[in-house]
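A structural walkthrough
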Amino acid sequence: MSDLTVDVRGVHKSFGPLQVLRGVDLQVRTGEVAALLGPSGSGKSTLLRVVNHLERADRGWVTIDGELIGYRRSGTRLHELAEKEILRQRAKVGFVFQNFNLFPHLTVLENLMEAPLAAGRARRAELLTQAHALLARVGLADKAHTYPRRLSGGQQQRVAIARALVLKPKVLLFDEPTSALDPELVDEVLDVIEDLARAGTTMIVVTHEIEFARRVADTVVFMHDGVIVEQGPPSAVLDDPRHPRARAFLSKVL
Ligand code: ADP
Ligand code: MG
């Protein structure tokens, strides 16, 4: 049995003439955290979206927990899965966006219950218990019946994290989870992500928070212009980057 949760191999993706991913390989082992760094436009969000099959790769493939994402192999050919199968696979991957993306017309608790109920994943009573436990875990036990607009950005993002966890994903993807927050609210969200890391949650976190990456990541991955130009332990990548682009980027943000 493999201990890889995420395996990305040779992924290419273009939008028209624009080559956004130009051969990306990324492996994340079970229980580990990869921090994905790189300048705006380098392809970080697109890579996360390919992992979740929100975007189709033009070439290459992704497996989660050994299961090919978005396709079924038959001989040497790949056939795209039916929408229903893709949705089933997507439940293996939790996604947390920069702008929270909560349902505004649902309470916090309803936001957590919506997807698992729609998927027929569990009985309502069981889900309720689980949803309350997750809200407690992100420090929002008292907000179950509140609407998102009544919450701060940091609280909304913690709800979004709880909502991503309710489907018991194999991996959590974060796309700049603190970039839309006022500075004083950043730490309450990073603390929740750090707690998840300590509990052994497998994660890919796109972030510009370098000190967070240093503290929490097992691997720091630096992307530039659609390729991973450097990856390794935080100390190696952050303190002694080899690639000139990584050096230039880090000298600006550190
Ligand atoms: P990052 O997250 O590193 O800032 P993105 O993956 O969002 O980078 O984008 C990489 C490049 O791909 C950018 O030039 C962006 O404009 C372009 N891009 C992303 N999504 C699309 C799309 N759906 N259609 C056309 N171009 C896109
Ligand atoms: Mg992005």
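Up top is the structure.
One structure accompanies this document, and this report is about it. This structure is a prediction, so every number in the text was calculated from the model and none was measured.

Comments concerning the overall build of the chain
When you go through the chain residue by residue, the secondary structure sums to nine helices and twelve strands. A compact globule built from 254 residues would reach a C-alpha radius of gyration of about 18 Å, and the chain, at 18 Å, matches this within 12%. For the C-alpha atoms alone, the extent of the chain along its principal axes is close to 50 × 50 × 40 Å. The 254 residues of the chain split such that 50% are buried. Across the chain, every contact between residues at least 6 apart in sequence was considered, and the portion connecting residues at least 24 apart equals 64%.

What about the side chain of R163?
Secondary-structure assignment places R163 in helix α5 (residues 153-165). Of the side chains with opposite charge, E114 comes closest to the buried, unpaired R163, at an N-O distance of 7.1 Å. Within polar-contact distance, the side chain of R163 engages the backbone oxygen of N101 at 2.9 Å. Not counting residues within four places of it along the chain, the set of residues in contact with R163 comprises F100, N101, L102, F103, N111 and L112.

Focus on the packing of helix α3 (residues 108-118) against helix α4 (residues 124-137)
Across the interface, α3 lies against α4 with an axial gap of 10 Å and an inter-helix angle of 130°. When the interaxial angle is binned, α3 and α4 end up oblique. α3 and α4 meet at a crossing whose hand is right-handed. Note on element contacts: α4 touches α3 through R124, L127, L128, A131, H132, L134 and L135, opposite V108, L109, L112, M113, P116 and L117.

Things to note about the site of ligand 1
Close contacts around ligand 1 come from F15, L18, V20, P39, S40, G41, S42, G43, K44, S45 and T46, and that covers them all. Separating an oxygen atom of ligand 1 from a backbone N or O atom of G43 is a distance of 3.0 Å. In this structure, an oxygen atom belonging to ligand 1 sits 2.9 Å away from a side-chain N or O atom of S45. If ligand 1 stood free it would expose 560 Å²; the protein chains cover 59% of that surface. Tallying contributions element by element places helix α1 (residues 44-51) first for the shell around ligand 1, with three residues.

A closer look at the pairing of strand β8 (residues 93-96)
The alternating pattern of β8 places V93 and F95 and G94 and V96 on opposite faces, both of which are buried. For β8 and strand β9 (residues 171-175), the ladder comprises four bridges, and the chain directions are parallel. Paired with F95 across the strands is L173, a residue of β9.

Here's the deal with unusual backbone geometry
Located in the positive-phi region is K168, a residue other than glycine, with phi close to 50°. Counting through the fold element by element, K168 comes out in the loop between α5 and β9. Note on K168: relative accessible area 62%, which makes it exposed. Although it is not a glycine, D225 adopts a positive phi angle of roughly 55°. Examined against the element boundaries, D225 turns out to sit in the loop between β11 (219-224) and β12 (227-232). Taking relative accessible area as the criterion, D225 reaches 44% and is therefore assigned partly exposed.

Overview of the pattern of salt bridges
Taken as a whole, this structure holds 17 salt bridges when the rule is applied. D240 is the salt-bridge partner of R242, the closest N and O atoms lying 2.4 Å from each other. R242 gets classed as exposed once you look at its relative accessible area, which sits at 60%. Given a relative accessible area of 35%, D240 falls into the partly exposed group.

Brief notes about α4
Here α4 is 14 residues long and its end C-alpha atoms lie 20 Å apart, about the 20 Å a rise of 1.5 Å per residue gives. Those residues of α4 that are buried lie in contact with α3 and α5. G139 sits one or two residues past α4 and shows a positive phi near 80°.

Regarding the packing of aromatic side chains
For the structure on display, the rule yields two aromatic pairs. With centroids separated by 4.5 Å and ring planes inclined at 10°, the aromatic side chains of F95 and F97 adopt a geometry described as stacked. Geometrically, the ring pair formed by F222 and F249 is tilted, given 5.3 Å between the ring centres and 55° between the ring planes. Taken together, the residues span a long stretch of sequence, with F222 in strand β11 and F249 in helix α9 (residues 244-253) at a distance of 27 residues. Taking NZ or CZ as reference, R73 lies 5.9 Å from the ring centre of W61, over its face.

About the thresholds
- Here the residue numbers are simple positions, counted from 1 along each chain's written sequence.
- Whichever chain is written first becomes A and whichever ligand is written first becomes 1, with later ones labelled in order.
- In keeping with the predicted nature of the model, local features appear solely for residues at pLDDT of at least 70, side-chain atom pairs appear and are counted solely at 80 or more, and the whole-chain, interface and lining totals rest on all residues.
- Hydrogens and water molecules were not included; the side-chain quantities draw on all heavy atoms of the structure.
- Helix and strand definitions here come from DSSP, where helices need a minimum of 4 consecutive H or I residues and strands a minimum of 2 consecutive E residues; each element is numbered from the N-terminal end.
- When we talk radius of gyration, it's over C-alpha atoms, and the globule rule is simply 2.2 Å times the number of residues to the 0.38.
- Exposure classes here rest on a 1.4 Å probe applied to the protein chains alone. A residue is buried below 20% of its type maximum, exposed above 50%, and partly exposed in between.
- Whether two residues are in contact is decided by their heavy atoms: any pair within 4.5 Å suffices.
- Within this scheme the basic residues Lys and Arg register as positive and the acidic residues Asp and Glu register as negative, but His and the chain ends are omitted.
- We define a salt bridge as a side-chain nitrogen of Lys or Arg found within 4 Å of a carboxyl oxygen belonging to Asp or Glu.
- Nitrogen and oxygen atoms within 3.5 Å of one another constitute a polar contact, given that in protein one can donate a hydrogen and the other can accept it, and given that sequence-neighbouring residues count only through two side-chain atoms.
- In this analysis, axes come from line fits to C-alpha atoms, helices being fitted only over the stretch in contact, and the angle between any two N-to-C directions falls in the range 0 to 180 degrees.
- For classification, angles of less than 35 degrees are called roughly parallel, those exceeding 145 degrees roughly antiparallel, those between 65 and 115 degrees roughly perpendicular, and all remaining angles oblique.
- A clockwise turn of the near helix away from the far one marks a right-handed crossing, whereas an anticlockwise turn of less than a right angle marks a left-handed crossing.
- One heavy atom within 4 Å of a molecule or strand is enough for the residue carrying it to be called near that molecule or strand.
- For every accessible area listed, the method is Shrake-Rupley and the probe measures 1.4 Å; residues are considered covered only by the protein chains on display.
- For two strands to be treated as a pair, DSSP must find at least two bridges joining them.
- Multiplying one less than the number of residues by 1.5 Å gives the expected span of a helix.
- Ring pairs are drawn from Phe, Tyr and Trp, using the six-membered ring of Trp, whenever the two centres fall within 6.5 Å, and their geometry is named by plane angle: stacked under 30 degrees, edge-to-face over 60, tilted for the rest.
- Consider the ring centre and the ring normal. A charge sits over the ring if Lys NZ or Arg CZ is within 6 Å of that centre and within 35 degrees of that normal.

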